[in-house]
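Here is how the chains run, residue by residue.
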Amino acid sequence: MQKKKQHPKVKSELHPRSQHRERYNFKKLIKSSPELAAYVAPNKYGDESIDFFNPAAVKALNKALLIHHYKLQYWDIPQHYLCPPIPGRADYIHNIADLLKGNTSKIPTGNHIKGLDIGVGANCIYPIIGQHEYGWSFIGSDTDEKAITSAKEIEQRNKNLKSNLEIRRQEKSNDFFYNILKPEEKVDFTICNPPFHASLDDAQKASLKKLKNLKGKRPSKALLNFGGQQNELWTKGGEARFVKDMIYESKHFGKQCYWFTSLISKETTLKPTYKILQKVNATDVKTIEMGQGNKISRFIAWTFLTEKEQKDWVAERW
């Protein structure tokens with residue numbers, strides 16, 4: 001066994017309101033979700049941990065985190081579907097809360113505040129966290145039928161979600177807001193985790209690189225420990241094309257949403273995205289950086305509301 005590694009007690013790079021700033025307490029997590037116990041063992045430093053290259057272990061950890069911290073009664077996803085890291089997703093939600101607060105005195109909470117999760121996935125992560133932490137309600141959209149079925153089951157089997165989440169199927173794979181937002185329906189924000197890669201080949205190369213960096217040697221194949229279907233991981237043109245198309249379509253719904261937002265994985269995506277936002281006459285654009293370990297993550301936010309319309313929105317809805 002190697003010499004025990006000293007870890008900081010608090011992960012200071014995570015959002016101050018995050019429930020994940022301290023190291024995983026496996027005893028408490030196992031108490032909340034006993035099935036996690038089968039995957040917990042001492043690592044080479046003698047610390048309790050799981051094998052993060054084992055998809056079943058990662059899924060069991062995520063389930064335990066959601067049950068323990070967000071008081072779920074039920075959570076599951078189909079095999080090979082995206083199992084995202086909870087702390088990073090929570091940071092997106094907490095930063096959305098700060099974005100909504102803006103220059104007002106407090107963060108708007110309660111189920112009259114509504115978000116649209118574009119690509120809610122089989123896991124339903126953003127509505128779960130947003131509802132528990134701030135009481136918000138959500139519309140969750142997706143094109144994948146199996147993901148929709150899974151998300152609806154999560155919604156139906158958790159009492160707090162049941163009255164605060166509506167899952168809607170997006171029938172057209174190239175649309176974002178059409179067929180989802182009803183005429184005159186308003187949402188306070190949109191949230192999205194775009195497919196980052198332009199092809200399966202790109203996704204596998206990125207996974208191999210990540211595994212090589214973590215393990216220090218080249219693995220024999222791409223083991224996507226977080227899972228993911230084609231529409232979750234890659235799309236024609238990658239995230240730059242995806243976000244560009246979303247921005248152009250959002251222009252047609254500019255008076256129905258205060259803040260449109262999307263995660264941006266690659267820093268090189270930012271410059272062309274700013275140009276598009278300028279082209280469609282967004283009235284305000286913000287880029288919010290989020291630190292997660294050695295990686296800097298970010299999301300971009302834009303609105304089409306004038307300063308007066310923004311004030312009226314806050315006065316009427318918040």
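- In the annotation of an unreviewed UniProt entry, the protein is listed under the name Ribosomal RNA large subunit methyltransferase F and assigned to Winogradskyella endarachnes.
- Within the UniProt record for the protein, the comment given under Sequence similarities (unreviewed entry) is "Belongs to the methyltransferase superfamily. METTL16/RlmF family."

**Some points on empty space enclosed by the protein**
For step 1, the next point in the chain: If you walk through the whole model with that rule in mind, you get one cavity of 30 Å³ or more.
For step 2, the next point in the chain: The space that makes up the largest cavity amounts to roughly 70 Å³.
For step 3, the next point in the chain: Taken together, Tyr70, Lys71, Leu72, Gln73, Ile128, Gln131, His132, Asn158, Lys159, Asn160 and Leu161 form the lining of the largest cavity.
For step 4, the next point in the chain: Counting only elements with at least two residues in the lining of the largest cavity, the list comes to helix H4 (125-134) and helix H6 (159-162).
For step 5, the next point in the chain: Grouping the amino acids of the lining of the largest cavity by side-chain chemistry returns four nonpolar, five polar and two charged.

**Observations regarding H4**
Residue pairs three or four apart in sequence face the same way in an α-helix, which turns once every 3.6 residues.
For step 1, the next point in the chain: When you tally the buried positions in H4, you get eight out of ten residues, the bulk of the element.
For step 2, the next point in the chain: Within H4, the full set of buried residues consists of Ile125, Tyr126, Pro127, Ile128, Ile129, Gly130, Gln131 and Tyr134.
For step 3, the next point in the chain: Among the residues trailing H4, Gly135 stands out with phi positive, at a value near 75°.

**Digging into the environment of Lys159**
For step 1, the next point in the chain: Here Lys159 lies in helix H6.
For step 2, the next point in the chain: Given a relative accessible area of 64%, Lys159 falls into the exposed group.
For step 3, the next point in the chain: Once the C-alpha coordinates of Lys159 and Tyr74 are considered, the two residues, 85 residues apart in sequence, prove to be 9.9 Å apart.

**Quick look at the pairing of strand S9 (residues 295-303)**
For step 1, the next point in the chain: Where burial is concerned, most of S9 is hidden: seven out of the nine residues are buried.
For step 2, the next point in the chain: Both strand S7 (residues 257-263) and S9 contribute to a ladder of four bridges, which runs antiparallel. Within S9, the position partnered with Thr261 by the bridge is Ala301.

Calculation criteria
- Residues numbered from 1 in each chain as written.
- Predicted model: local features only at pLDDT ≥ 70, side-chain atom pairs only at ≥ 80, totals over all residues.
- Heavy atoms only, no water.
- UniProt positions renumbered as here; feature names shortened; annotations may be inferred.
- 1 Å grid on protein atoms, 1.4 Å probe; cavity = no way out; pocket = protein on both sides within 12 Å on 5 of 7 lines; lining within 4 Å.
- Points joined across faces, edges and corners; volume = space filled by probe spheres on them.
- Helix = DSSP H or I, 4+ residues; strand = E, 2+ residues; numbered from the N terminus.
- Nonpolar A, V, L, I, M, F, W, Y, C, P; charged D, E, K, R; others polar.
- Buried < 20%, exposed > 50% of the residue type's maximum accessible area, 1.4 Å probe, protein only.
- Pairing = 2+ DSSP bridges.

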